Amino acid sequence: MERSTSPTPADNQGSPKVHAIRLHTFGPAENLTYEKTEDPDPAPGQVRIAVRAAGVHLLDTALREGIQGPAPAPVELPTI
């Protein structure tokens, strides 16, 4: 299996780096930080995918602020 090339160089040490927007404490959008982190290796039975774009759902903003949303309804699989 060939490893995909990370969009960011390895900073001349070990693993390639990837960019992530992370939340370390609940609160406003200002608590989100743009960071470089290690490119994780997939565990057995997992795959790595390339993400070109990602969205944010309204529920994500409530969770970021520490507001607990409604309990999710049971879902029949397969689903999207």
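The rules behind each value
Residues numbered from 1 in each chain as written. Predicted model: local features only at pLDDT ≥ 70, side-chain atom pairs only at ≥ 80, totals over all residues. Heavy atoms only, no water. Helix = DSSP H or I, 4+ residues; strand = E, 2+ residues; numbered from the N terminus. Buried < 20%, exposed > 50% of the residue type's maximum accessible area, 1.4 Å probe, protein only. Contact = heavy atoms within 4.5 Å. pLDDT = per-residue confidence, 0-100. Salt bridge = Lys/Arg side-chain N within 4 Å of Asp/Glu carboxyl O.

Participant: Pulling in residues and values, what's your account of the side chain of Thr 37?
Facilitator: The residue Thr 37 is located in strand β2 (residues 32-38) in this model. The exposure class assigned to Thr 37 is buried, which follows from its relative accessible area of 19%. Ignoring any residue separated from it by four or fewer positions in sequence, one finds Thr 37 in contact with Pro 16, Lys 17, Val 18, Ala 20 and Arg 22.

Participant: I'd like to hear about the confidence of the model for the protein, residue by residue, with values.
Facilitator: Taken over all residues, the pLDDT of the protein has a mean of 75, while the share at 70 or more is 65%. The lowest-confidence element of the protein is helix α1 (residues 58-64), averaging 80 in pLDDT; the highest-confidence one is β2, averaging 88. Counted against residues more than four places away or in other chains, residues 1-11, with its pLDDT under 50, gives 19 contacts.

Participant: For the pattern of salt bridges, give the residues involved together with the corresponding values.
Facilitator: Per the stated rule, a full pass over the model turns up five salt bridges. A salt bridge links Glu 38 to Lys 17; the shortest N-O distance between them is 2.7 Å. Highlighted residues: Glu 38 in strand β2 and Lys 17 in strand β1 (residues 17-23), separated in sequence by 21 residues. On the accessibility criterion, Glu 38 (39% relative accessible area) is partly exposed. Residue Lys 17 is classed as buried on the basis of its relative accessible area, which comes to 17%. Connected through shared salt-bridge partners, Asp 39, Asp 41 and Arg 48 make up one network.

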